[in-house]
Amino acid sequence: MRSQPANPDFRSSFWLRVREFAVPPSMIEVATARRAGGDWAGACAAARVDVDVDLRSVARTHGRELAGRLRADLRHLAPDLLRWHLPRIAPDGLLRPGLTVPLARYDRGGRHGDAVHLVVRTPPAWADAGQRFSLALWDGPRRGSGPRRHPHPHPDRRFRLDLHRHLWDARRAGELRVRSGAQRTPEEGPGAASDPPATAERRQGWAVRRWPAEAAILLRAEGRTSGPVAVRVGAGRHLILEVASAGNGPGPPEVRVTSSSPRSGGGPHRPTPVLPDAATWVSPDLELLRDGLIEAGRLHPLVASALAPGHPAVTAPRVARAAQPHRVRCRGAWHRIGLVDGTLVALDHDPAEVRREELLAALTGTPLPCLRAIDEAHRHPECLPEVRARLDHGDTAGALAVVEALLGPDARVRDGALRDELETAALRRVTYGLFRTGLAGSGPGPATAERRRTRDRRSRPRHGIAR
C-alpha cells in the first residue's frame, strides 16, 4: 500500500524510521488493553483516532441490523494496527494526507450497489498535527456523511483496506502470513514457472507472486469472476492483467499481462479495477525481517505473531533512561554536568562561581565551557533529531520524555532550535483543532508558514512514497 522509492536501501531506512517512531509501544499497550476490555472508543483515543461515528444515529438512519454489524467491527478494530498499516509518504514517513480509505462495506437490503462504508480520513497536509486521523461513515456521493470539509471524501480506489481486513481487524490479523506471501498456499505450491526472478521482485518490492490471488479477490468484490485489473507500478506506470476464472480447479486464476497502460474495463460505468497498494507491494515488515534489519520484538504484536510466531513482541512502553553525567573539558580538567533536583547543572562548580560566570556571560563575557555545554543542550541538543521525529509523528509524550531525560523535568527550555520545534508542534495542534471544528476553512492555518520554515532546515524535501 505504498509507492516505493527506487533505491531499496532508502526503502529499508524509510520503513525502519516509520517502525521506530510512528506507533510507539506505549500506544500499542494502552490501545490493546482497552480493546481487550471492550472499550473500542477508548482504544481509538489511545491511538489518536477521532471517531465521527454515532451508532445510535446509524441505527435510526440505516437500521439496527447494519448498526449491529458496524458495532461488531468497531469492537474488533485495532486502531494501533490500523495506524501501523496506513499509507505513508517520504521522507519522514508521515501519514499520506487528504486520504479517505475504506475499511468495511455494509450492503443495505441486499442491494450490492447501495452500501454504507466505514472509512478512515487523514487530514490535509496543512492540518496533520499529531498525525491524527478519523473514523467516519460514507454512504455515497449524494448522501455522504461525516465532515464535508475533507478535501477528498470519496473512498480512494488505490488505497482500500476493505479487502485487507487483516491489516486492522484483530480477529483476522493472522491472515497476514498468507496475504503477505510469507507462507505459500497449497494452490501456489513451492514455486511456479511463471514466477519472476526473486532478485528482481525483491529489488522492486513488488508482490508479483500474490498478484493472481489478490486480483481474483478484487474481482469477486466487484461482482466479477474474470476481466482486467490495473496494477500501479510507479508514477504514471500501470500494468493491465487479464484474469481468467479458475473455475472449480485447485490452482490459482490464470493471469497474463495484456497492456502496460490503463484502459477502460467495460465502459465508463465499469472502469478497470485497480489492485490496492496493499496487494501490489511486499509487506515492509516482511522485507525488514527477511533482510535481518528488524527483530520480531520491535514489530506490532499482531504483526509479529503472524510473520514470526513464537517470538516475543514489544508490549511495554520504552522508558527514557535518566541522563548520565557528561564530561566536559573545562579549564584544563574534565568536569561533569548532570541532573540535580530536576535541572541540568555543572557538578564541579559551586553555585557562587556559576552565578558569577552567568553574570559575566550576560555582560558579553565568555562563559565557562561547562556553562556553554549546558546552554547548547538547551538550545540545540544532540537528541534534537529524535525529538523532532517524535513530534512529527504525534508522540508528544515520547518527545517530552527524551527532553526531560536530558534537561530534567524542571528545566526551562531556552530560545533555540529545540524550543522552536516544541512551539511549532503546539501551533500545529491548534491548526488541527480549527480544521476539525471547521473554523480553519479549506486553507492552511496559522502554523503552516512556521512549519514550512522548520521543515526547510532539513536535508531532504518531502516527496511521494506512500503506503
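Reference entry: report on the structure contained in this document. Keep in mind that what you see is a predicted model, and the values were worked out from it rather than measured. (Residues numbered from 1 in each chain as written. Predicted model: local features only at pLDDT ≥ 70, side-chain atom pairs only at ≥ 80, totals over all residues. Heavy atoms only, no water.)

What to know about the overall build of the protein
We apply this condition: Counting from the N terminus, the helices are DSSP H or I runs at least four residues long and the strands are E runs at least two residues long. Buried means the residue's accessible area, taken with a 1.4 Å probe over protein chains only, is under 20% of the maximum for its type, while exposed means over 50%, and partly exposed covers the values in between. Reported accessibility uses the Shrake-Rupley method at a 1.4 Å probe radius. Residues are deemed covered only where the shown protein chains occlude them.
Of regular secondary structure, the protein possesses 18 helices and 12 strands. Counting every position in the protein, which comprises 467 residues, the buried fraction comes to 50%. Accessible area for the protein stands at about 22,300 Å²; split by element, carbon and sulfur atoms hold 53% of it.

Some details on the packing of helix α15 (residues 384–392) against helix α17 (residues 417–437)
As a reminder, the rule being used: Fitting a line to C-alpha atoms yields each axis, with helices limited to the stretch in contact; the angle taken between N-to-C directions then spans 0 to 180 degrees. When an angle is under 35 degrees it counts as roughly parallel; over 145 it counts as roughly antiparallel; between 65 and 115 it counts as roughly perpendicular; any other value is oblique. In what follows, residue pairs with any heavy atoms lying within 4.5 Å of each other are defined as contacts. Each residue gets one label: Ala, Val, Leu, Ile, Met, Phe, Trp, Tyr, Cys and Pro are nonpolar, Asp, Glu, Lys and Arg are charged, and the others, such as Gly, are polar.
Contact geometry for α15 and α17: axes closest at 11 Å, N-to-C directions at 0°. The angle between α15 and α17 places the two elements in the roughly parallel class. Facing Leu384, Val387, Arg388, Leu391 and Asp392 of α15, the residues of α17 in contact are Ala417, Leu418, Glu421, Leu422, Ala425 and Arg428. Tallied by class, residues from the contact of α15 with α17 come to 7 nonpolar, no polar and 4 charged.

As for the sheet that holds strand β11 (residues 333–340)
In a beta sheet, neighbouring strands are held together by backbone hydrogen bonds and run either parallel or antiparallel to one another. For the record, the criterion: For two strands to count as paired, DSSP must find a minimum of two bridges between them.
Strand order in the open sheet formed by 3 strands is β10-β11-β12, with antiparallel pairing between adjacent strands. The open sheet has two edge strands with one neighbour each: β10 (326–330) and β12 (343–346). The sheet shows a mean angle of 30° between the axes of neighbouring strands, direction not considered. Pairing of β10 with β11, which is carried by 5 bridges, proceeds in the antiparallel orientation. In the sheet register, His326 faces β11, and the bridge partner there is Ile337. This element, helix α16 (residues 396–407), spans β10, β11 and β12 of the sheet and lies at about 130° to β11.

Re the pairing of strand β7 (residues 227–234)
Here is the key point about a regular strand: its side chains alternate between the two faces of the sheet. The element β7 is largely enclosed, with a buried count of 8 among its 8 residues. Connecting β7 to the antiparallel partner strand β8 (residues 237–244) that follows it, the hairpin turn spans 2 residues, and Gly236 within it adopts a positive phi of roughly 70°.

Topic: the nonpolar core
To keep it simple, the criterion reads: Residues grouped as a nonpolar core are buried Ala, Val, Leu, Ile, Met, Phe, Trp, Tyr and Cys residues, joined through side-chain atoms within 4.5 Å.
Among the nonpolar cores identified, the biggest contains 56 residues, and Leu70, Leu74, Leu82 and Leu118 are the most heavily contacted of them. Residue contributions to this core peak at 5 residues, all from helix α12 (residues 301–307). Beyond its immediate stretch of four places on either side in the chain, Leu70 contacts Val53, Leu55, Val58, Tyr106, Leu118 and Leu137.

Quick look at the packing of helix α4 (residues 55–62) against helix α5 (residues 64–75)
Let me state the cut-off plainly: Left-handed is the label given to a crossing in which the near helix is rotated counterclockwise from the far helix by less than a right angle, and right-handed is the label when the rotation is clockwise.
Between α4 and α5, the shortest axis-to-axis distance is 7 Å and the interhelical angle comes to 150°. With respect to α5, the element α4 is oriented roughly antiparallel. Handedness of the crossing formed by α4 with α5: right-handed. Every residue of α5 that contacts α4 at Leu55, Val58, Ala59 and His62 is listed here: Arg64, Leu66, Ala67, Leu70, Arg71 and Leu74.

So, unusual backbone geometry
Omega for the peptide link from Ala90 to Pro91 comes to 5°, which places this bond in the cis form. Positionally, Pro91 belongs in the loop between β2 (88–89) and β3 (94–95). For Arg48, which is not glycine, the phi dihedral falls at a positive 60°. Topologically, Arg48 is positioned in the loop between α3 (40–46) and β1 (49–51). We note that Gln131 has phi near 50°; this positive angle belongs to a residue other than glycine. Mapped onto the elements of the fold, Gln131 is located in the loop between β5 (111–121) and β6 (133–138). A relative accessible area of 2% means that Gln131 is categorised as buried.

Observations regarding the environment of Pro367
By the secondary structure assignment, Pro367 is in the loop between α13 (351–362) and α14 (369–379). Filtering out sequence-adjacent residues up to four positions away, Pro367 remains in contact with Glu357, Ala361 and Arg372.

Notes on helix α2 (residues 25–36)
We apply this condition: The span one expects for a helix is its residue count, reduced by one, times 1.5 Å. Comment: arc refers to directions from the helix axis out to C-beta atoms.
With 12 residues, α2 extends 16 Å between its outermost C-alpha atoms, agreeing within 8% with the 16 Å of an ideal straight helix rising 1.5 Å per residue. Listing the buried residues of α2 in full gives Pro25, Met27, Ile28, Ala31 and Arg35. Looking straight down α2, one finds that the buried residues subtend no more than 150° of arc, so they occupy a single side. Turning to α2, the residues buried within the fold contact α3, α5, α6 (79–85) and α12. Just beyond α2, the residue with positive phi is Gly38, at close to 85°.

What about α13?
Its 12 residues place the ends of α13 16 Å apart at the C-alpha level, agreeing with the 16 Å of an ideal helix rising 1.5 Å per residue. Within the span of α13, buried status applies to Glu353, Val354 and Glu357. Taken down its axis, α13 places every buried residue within 100° of arc, on the same side. Facing away from the buried surface of α13 by more than 90 degrees, the exposed residues are Pro351, Arg355, Arg356, Leu359 and Ala362.

Structural notes on the pattern of salt bridges
Pairing of side chains with opposite charge becomes possible as their charged atoms draw close. Rules: Salt bridges, as used here, are contacts in which a Lys or Arg side-chain nitrogen is within 4 Å of a carboxyl oxygen on Asp or Glu.
Overall, the coordinates contain 26 salt bridges when judged by the stated rule. Residue Asp395 pairs with Arg390 through a salt bridge whose shortest N-O separation is 3.0 Å. Judged by relative accessible area, Asp395 falls into the buried class, the value being 8%. According to the relative accessible area criterion, Arg390 is buried, its value standing at 8%. In the salt-bridge network here, residues are joined through shared partners; they are Asp50, Asp52, Arg132 and Arg436.

Overview of the environment of Ser12
Along the chain, Ser12 turns up in helix α1 (residues 8–21). Sequence-wise, Ser12 and Ile294 are 282 residues apart; in three dimensions their C-alpha atoms are separated by 10.0 Å. Not counting chain neighbours up to four residues away, the residues in contact with Ser12 comprise Leu288, Asp291 and Leu293.

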